[in-house]
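The primary structure of each chain is shown beneath.
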Amino acid sequence: MMRIANHVVLLLSALLVLSSCLPLDKEEEVRAELSGLVYLAQTRRFTSKPTCTAAIFDLASSSVRSQSVRIVSDVRSGLRLVKSGRVVAFDVPGANPNTVSEQLMSISLEEGMGLLSSFIGPSMACMDDQFQLDAYYALMSEQSLTIYDPANNAIMLLHRSARLLFFMRGNV
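Below is a short write-up of the structure. (Residues numbered from 1 in each chain as written. Predicted model: local features only at pLDDT ≥ 70, side-chain atom pairs only at ≥ 80, totals over all residues. Heavy atoms only, no water.)

### Some remarks on helix H4 (residues 97–107)
Right, on to step 1. Listed as buried for H4 are Pro97, Val100, Ser101 and Leu104. Around the axis of H4, the buried residues are gathered within 95° of arc, so they sit on the same side.
Right, on to step 2. With a side-chain oxygen lying 3.0 Å from the backbone nitrogen of asparagine 98, the N-terminal cap of H4 falls on asparagine 96. (Buried < 20%, exposed > 50% of the residue type's maximum accessible area, 1.4 Å probe, protein only. Helix = DSSP H or I, 4+ residues; strand = E, 2+ residues; numbered from the N terminus. Arc of directions from axis to C-beta. Polar contact = N/O pair within 3.5 Å; in protein donor to acceptor, adjacent residues only side chain to side chain.)

Following this line, the structure appears as structure tokens:
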């Protein structure tokens, strides 16, 4: 009986180690998820580790698929949608994604921190220096809009003029 228990413990330990090596996402699954939100072209970068995913995609169009994403022009109306688990595109006039996240945190710290953790986690483990620099540029640009999917813990920065989509997801 003790021998069986030892084997079970070893098997469970091996499974735990193996599962910690698996990536959080697969590129084709992320592409399938995003194809309902935006008009994807090719993948520029894709990195997924057990704790995060970070990717850059070229876009065929700089608009969102409005039937799948609610587009809002103010943070308060977007917050109501975020709280209900909806995918929201924050297209706030005169505000870049960084400003949107600051406004969201000032209204609701919980939802604002959720959005922020979707960006910070991947930036630490899944982005190299160049990716971080490019994502920072998109974050600070008024040509970008924030798409937040709270149910899937994902944030996207859609940089319109460059027709790029930065996708980040953490497992937090």
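### What about the packing of aromatic side chains?
Right, on to step 1. What the rule picks out here adds up to one aromatic pair.
Right, on to step 2. A ring pair is formed by phenylalanine 131 and phenylalanine 166, whose centres lie 6.2 Å apart and whose planes are at 80°; its orientation type is edge-to-face. Taken together, the positions of phenylalanine 131 in helix H6 (residues 129–140) and phenylalanine 166 in strand E7 (residues 164–170) put the pair 35 residues apart, joining distant regions of the chain. An identical accessibility class is assigned to phenylalanine 131 and phenylalanine 166; each is buried. (Phe/Tyr/Trp six-rings, centres within 6.5 Å; stacked < 30°, edge-to-face > 60°.)

### Description of the sheet that holds strand E4 (residues 88–90)
Right, on to step 1. Across the sheet, which stays open at both edges, the seven strands sit in the order E1-E2-E7-E6-E5-E4-E3 with mixed pairing between neighbours. Of all the strands in the sheet, just strand E1 (38–49) and strand E3 (70–72) have a single pairing partner and so form its edges. With strand direction ignored, the average angle separating the axes of adjacent strands in the sheet is 20°.
Right, on to step 2. Note that E1 and strand E2 (residues 52–64) share eight bridges and pair antiparallel. (Pairing = 2+ DSSP bridges. Axes fitted to C-alpha atoms, helices over the stretch in contact; angles between N-to-C directions.)

### With respect to the pairing of E7
Right, on to step 1. Of all seven residues that make up E7, seven are buried, and the element is covered over most of its length.
Right, on to step 2. Looking at chain direction, E2 and E7 are connected through seven bridges and run antiparallel. Across the sheet, the residue bridging to phenylalanine 57 is leucine 165, located in E7.
Right, on to step 3. In terms of strand pairing, strand E6 (residues 154–159) meets E7 through six bridges, oriented antiparallel. Bridge pairing in E7 links leucine 157 to phenylalanine 166.

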